Each structure stands twice: as structure tokens, then as C-alpha cells.
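# Working through the structure, step by step
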Amino acid sequence: TTMQIPAAAVVDAVSVRVTTAIPTATAFTVKVGATTVNTVAVPVAANSTDPGTLAGSFYNSATQGVTITPSATPGAATGQIRVTVHYHLVTVPTS
């Protein structure tokens, strides 16, 4: 994806839903940097979901993107996945 998770964010989950089936591949995984966030290899059928809580909450020290890796090269660029990043930023007091 093109989304970026900001540096210093505490990431709680990266949930996903397949909105349009992904052809050829059988599953996919989701990572933030080197951290795998999905609990299983997510099936590619429409309406498949994953809460993205496998890693538990973790500190994201640098701005990073979300990487989706299919089990095989999709047969066409027609599949769609909705990705939601659940995170919070802690702001220190200014005075």
C-alpha cells in the first residue's frame, strides 16, 4: 500500500478485509516493516478478514509502510483489500 505509519506511533493492529477476490494467489500476509501483523495467511476470497493483532501492540520507531505479500503472483490486478491501521501517538506535555 502507499499508506505510511508515522514514526513514534504505537501500532495496535492492522486489520484487513478482501473486498474483491485476488485471482491466482491463495492467501496473503501483512507486515509493517519486518513485523508480521496478521494472525494467519489471509484467504483471498471476497469478504475474508483478519484483525491484524498477531504482533500485539508495538512501537513503530521509524515511518514505515504496510506491505501485502500474496502467496503467488496475482493473475490480474483486479483484487482489492481494505486496510485499516489502528495506532496512537503519544504527545509529551509542552509545559
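For the structure, check the block above.
These remarks concern the structure in this document. (Residues numbered from 1 in each chain as written. Predicted model: local features only at pLDDT ≥ 70, side-chain atom pairs only at ≥ 80, totals over all residues. Heavy atoms only, no water.)

### What about the overall build of the protein chain?
The cut-off we apply is this: The helix count covers DSSP runs of H or I at least four residues long, the strand count covers runs of E at least two residues long, and both are numbered beginning at the N terminus. Per-residue and other accessible areas were derived by the Shrake-Rupley procedure at a 1.4 Å probe size, with only the shown protein chains allowed to occlude residues.
A count of helical and extended segments in the protein chain gives zero helices and nine strands. For the protein chain, the C-alpha atoms occupy an extent of roughly 55 × 20 × 20 Å along the three principal directions. Accessible surface, the protein chain as shown: approximately 5,400 Å² in total, 57% of it carbon and sulfur.

### A short note on the nonpolar core
Rules: We define the nonpolar core as a collection of buried residues of types Ala, Val, Leu, Ile, Met, Phe, Trp, Tyr and Cys that are connected through side-chain atoms lying within 4.5 Å of one another. For the exposure calls, accessible area comes from a 1.4 Å probe over protein chains only, and a residue counts as buried if that area is under 20% of its type's maximum, exposed if over 50%, partly exposed in between.
By size, the foremost hydrophobic cluster in this structure holds 18 residues, and its most contacted members are Ile5, Val14, Phe28, Val30, Val32 and Val66. Every element with two or more residues in this core is listed here: β2 (9–20), β3 (27–32) and β9 (80–89).

### Concerning the environment of lysine 31
For the record, the criterion: Note on contacts: a residue pair is in contact if any heavy atoms of the two residues lie within 4.5 Å.
Mapped onto the fold, lysine 31 is located in strand β3. For lysine 31, a relative accessible area of 33% gives the class partly exposed. Measuring from C-alpha to C-alpha, the distance between lysine 31 and glutamine 64 comes to 9.9 Å, with 33 residues separating the pair along the chain. With sequence-adjacent residues up to four places away left out, lysine 31 is seen in contact with Thr36, Val37, Gly65, Val66 and Thr67.

### Here we look at the side chain of asparagine 38
Just so we agree on the cut-off: N or O atoms closer than or at 3.5 Å make up a polar contact, with two conditions inside protein: a donor-capable atom paired with an acceptor-capable one, and, for residues adjacent in sequence, both atoms drawn from side chains.
Positionally, asparagine 38 belongs in the loop between β4 (35–36) and β5 (42–43). Separated by 2.9 Å, the side chain of asparagine 38 and the backbone nitrogen of valine 30 make a polar contact. Residues in contact with asparagine 38, not counting those within four places in the same chain, are Phe28, Thr29, Val30, Asp50, Gly52 and Leu54.

### Focus on the pairing of strand β8 (residues 64–70)
Rule in force here: For two strands to count as paired, DSSP must find a minimum of two bridges between them.
Sheet topology places strand β1 (residues 4–5) next to β8; two bridges connect them, and they run antiparallel. When the bridges of β8 are listed, glutamine 4 appears paired with glycine 65. Pairing geometry for β3 and β8, over five bridges, is antiparallel. Along β8, the bridge assignment pairs lysine 31 with threonine 67.

Note that all results are geometric; they support no functional claim without further evidence.
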